[in-house]
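Notes for the structure review
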Amino acid sequence: MAKTIAILNQKGGVGKTTSAVNLAACIGAEGKKTLLIDIDPQGNSTSGFGVDKRKTEVSSYEVLTGVKTAKEGIIHTDFKNVDIIASNMNLAGAELEIIDRKNRESLLKTAIAPIWSDYEYIFLDCPPSLGLITLNALSCADTFLVPIQCEYYALEGLSQLMATVRQIKRLYNPYIDLEGVLLTMYDGRLNLTQQVVEEVKKFFPKKVYKTTIPRNVRLSEAPSYGQPIIYFDKSSKGALAYTELAKEFLEKQNP
């Protein structure tokens, strides 16, 4: 039975998709059968695995709205042990389509239930908002992982995110828990970075990953080649950081 992890932060530009793509790739490289479901209409996770979102016949839009099954949406990538359900701009209108549906918050859970036993880990790359699609992700996830950029406004909006999660826990998914907080765009030379780290640790005691993700040019270049960083440049700082994160993540699964 797969463990399902939603990767989210309603603040854009925090390394959410970069983390979704590279963590999934590194978990796959560790020998774990992994599925990444791209539920961000921008479809950047889809491109990050070299899948052409314009040519995708069955996307997360069709899966979420029930037009197609999750199994029909699965694409086998060129990367070890990683499958993907792609996304494209069709998903942008999905919230309006499903708003009047019965059990609208659990459509994704119902859709992916038949494939849970096919994987060890399922990652959900959420849109940068707390709308109905993110609500669906949190309603079906076991845990959620929050990437936070090491900058002045890092904690802005986090109290809103946690309030939303508490509401979802009360109404729809009593079992959801925080998987961890990941510090991205880390530069240890800056005093500001250290201040942000301390603040985040106060906000999320014992939930901040020891592994941090540095600013890295190769990490920024990899998506344009449609490759996760460990395949694009395995000796880069970004590749080493995500490999380390995957190991830390897996160690926490079997304490």
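Our structure's up above, just so we're on the same page.
Residue numbers restart at each chain and count upward from 1, following the sequence in its written direction. Reporting in this predicted model follows two pLDDT cut-offs: at least 70 for local features of residues, and 80 or more for side-chain atom pairs to be given and counted; totals over whole chains, interfaces and linings ignore these cut-offs and use all residues. Note that the side-chain values use all heavy atoms of the structure and ignore hydrogens as well as water.

When its secondary structure is counted, the protein chain shows twelve helices and seven strands. A compact globule built from 255 residues should have a C-alpha radius of gyration of about 18 Å, and the protein chain, at 17 Å, falls within 12% of that. Taking the principal axes of the C-alpha coordinates as reference, the protein chain spans close to 50 × 40 × 35 Å. Summarising the internal contacts of the protein chain: among those between residues at least 6 apart in sequence, 79% fall at separations of at least 24. With an accessible surface of roughly 12,000 Å², the protein chain has 51% of that area assigned to carbon and sulfur atoms. Counted as positive: Lys and Arg. Counted as negative: Asp and Glu, with His and the chain ends omitted from the count. Note on charges: their place is set at NZ of Lys, CZ of Arg, CG of Asp or CD of Glu. Each charge class in the protein chain was averaged separately, 30 positive and 29 negative side chains, and the resulting centres sit 4 Å apart. Numbering of helices and strands runs from the N terminus, with a helix taken as a DSSP run of H or I at least four residues long and a strand as a DSSP run of E at least two residues long. C-alpha atoms define the radius of gyration in this analysis, and the globule rule sets the expected value at 2.2 Å times the number of residues to the power 0.38. Any pair of residues with heavy atoms lying within 4.5 Å of one another is described as a contacting pair. Using the Shrake-Rupley algorithm and a 1.4 Å probe, accessible areas are obtained, with residue cover drawn only from the displayed protein chains.

A few words on helix α12 (residues 237-253). Between the first and last C-alpha of α12 there are 25 Å, a value that for 17 residues agrees with the 24 Å anticipated at 1.5 Å per step. Partly exposed describes any residue whose relative accessible area lies between the buried limit of under 20% and the exposed limit of over 50%, with all areas from a 1.4 Å probe on protein chains only and scaled to the type maximum. Restricting attention to buried positions, one finds in α12 the residues G238, A239, A241, Y242, L245, A246, E248, F249, L250 and Q253. Buried-residue contacts for α12 involve β1 (3-7), α1 (16-29), β5 (121-125), β7 (177-184), α10 (217-221) and α11 (229-232). Expected helix span is taken as 1.5 Å per residue step, with the number of steps being one fewer than the number of residues.

Below, the discussion takes up the pairing of β5. Most of β5 sits inside the fold, with five of its five residues counted as buried. The alternating pattern of β5 places Y121, F123 and D125 on one face and I122 and L124 on the opposite face, and all of these are buried. For two strands to count as paired, DSSP must find a minimum of two bridges between them. The pairing of β1 with β5 spans five bridges and is parallel. Bridge pairing in β5 places I5 opposite F123. By the bridge criterion, five bridges tie strand β2 (residues 34-38) to β5 in an arrangement that is parallel. Looking at β5, one finds that D38 is bridged to D125.

Turning next to the nonpolar core. The tendency in soluble globular proteins is for nonpolar side chains to be buried as a group. Nonpolar cores are built from buried Ala, Val, Leu, Ile, Met, Phe, Trp, Tyr and Cys residues. Side-chain atoms within 4.5 Å join them into one set. Judged by nonpolar contacts, the single largest core of 52 residues is most densely connected at A6, I39, L124, F144 and F204. Residue contributions to this core peak at six residues, all from helix α7 (residues 132-140). By size, the runner-up hydrophobic cluster in this structure holds 34 residues, among which are F49, A86, I213 and A222.

It is worth spelling out the sheet that holds strand β3 (residues 74-76) at this point. One key point about sheets: their strands pair by backbone hydrogen bonds, in either a parallel or an antiparallel sense. With mixed pairing, seven strands are arranged side by side in an open sheet as β3-β4-β2-β5-β1-β6-β7. Each end of this open sheet is capped by a strand with a single partner; those strands are β3 and β7. Here the strands of the sheet are splayed against their neighbours by 25 degrees on average, with no regard to which way each runs. An axis is simply a line fitted to the C-alpha atoms; with a helix, the fit covers only the stretch in contact. Between two such axes, the angle follows the N-to-C directions and lies from 0 to 180 degrees. Docked against the sheet, α7 engages β1, β5 and β6 (143-149), running at close to 150 degrees with respect to β1.

Within this model, the largest pocket holds a volume of roughly 350 Å³. In this structure, the largest pocket is lined by 22 residues; those nearest its centre are G15, T18, L219, S220 and P223. Breaking the lining of the largest pocket down by element, the ones donating at least two residues are α1, α2 (44-48) and α10. With five residues, α1 is the largest single contributor of residues to the lining of the largest pocket. Here the nonpolar group is Ala, Val, Leu, Ile, Met, Phe, Trp, Tyr, Cys and Pro; Asp, Glu, Lys and Arg are the charged ones; every other residue, Gly included, is treated as polar. Residues of the lining of the largest pocket, tallied by class, amount to ten nonpolar, eleven polar and one charged. Here the term cavity refers to a set of points on a 1 Å grid, laid over the protein atoms alone, in which a 1.4 Å probe fits but cannot get out; the term pocket refers to an open set having protein on both sides within 12 Å along at least five of seven lines, with lining residues being those that place an atom within 4 Å of a point. Grid points are joined across faces, edges and corners, and a volume is the space filled by probe spheres set on the points.

The next thing to look at is the packing of aromatic side chains. Two rings from Phe, Tyr or Trp (for Trp, the six-membered ring) form a pair when their centres are within 6.5 Å of each other. A pair whose planes differ by under 30 degrees is stacked, one over 60 is edge-to-face, and the rest are tilted. Overall, the coordinates contain six aromatic pairs when judged by the stated rule. Seen in terms of ring centroids, F49 and F79 are 5.8 Å apart; in terms of plane orientation they differ by 55 degrees. Their pairing is tilted. Here F49 is found in the loop between α2 and α3 (60-64), whereas its partner F79 is found in the loop between β3 and β4 (82-85), with 30 residues between them in sequence. On the basis of relative accessibility, which here comes to 9%, the residue F79 falls in the buried class. When the centroid spacing of 5.8 Å and the interplanar angle of 50 degrees are considered together, the rings of F123 and F249 count as tilted. Placement of F123 in strand β5 and of F249 in helix α12 is noted, with a sequence separation of 126 residues between them. With relative accessibility at 0%, the residue F123 sits in the buried group. Three or more aromatic residues link up through ring pairs in this structure, and these residues are F49, F79 and Y231.

Turning to a nonpolar patch on the surface, a few remarks are in order. Together, Y152, Y153, L190 and L192 make up a nonpolar patch on the protein surface, roughly 440 Å² of accessible area in all. Residue placement: Y152 occurs in the loop between β6 and α8 (158-171). Looking at Y152, the relative accessible area reads 64%, which means it is exposed. Patch membership requires over 30% relative accessible area and the absence of a salt bridge. Like charges are linked within 9 Å, and nonpolar side chains (Val, Leu, Ile, Met, Phe, Trp, Tyr) within 5 Å. Here, a salt bridge means any Lys or Arg side-chain nitrogen found within 4 Å of an Asp or Glu carboxyl oxygen.

Geometry only, nothing functional implied.
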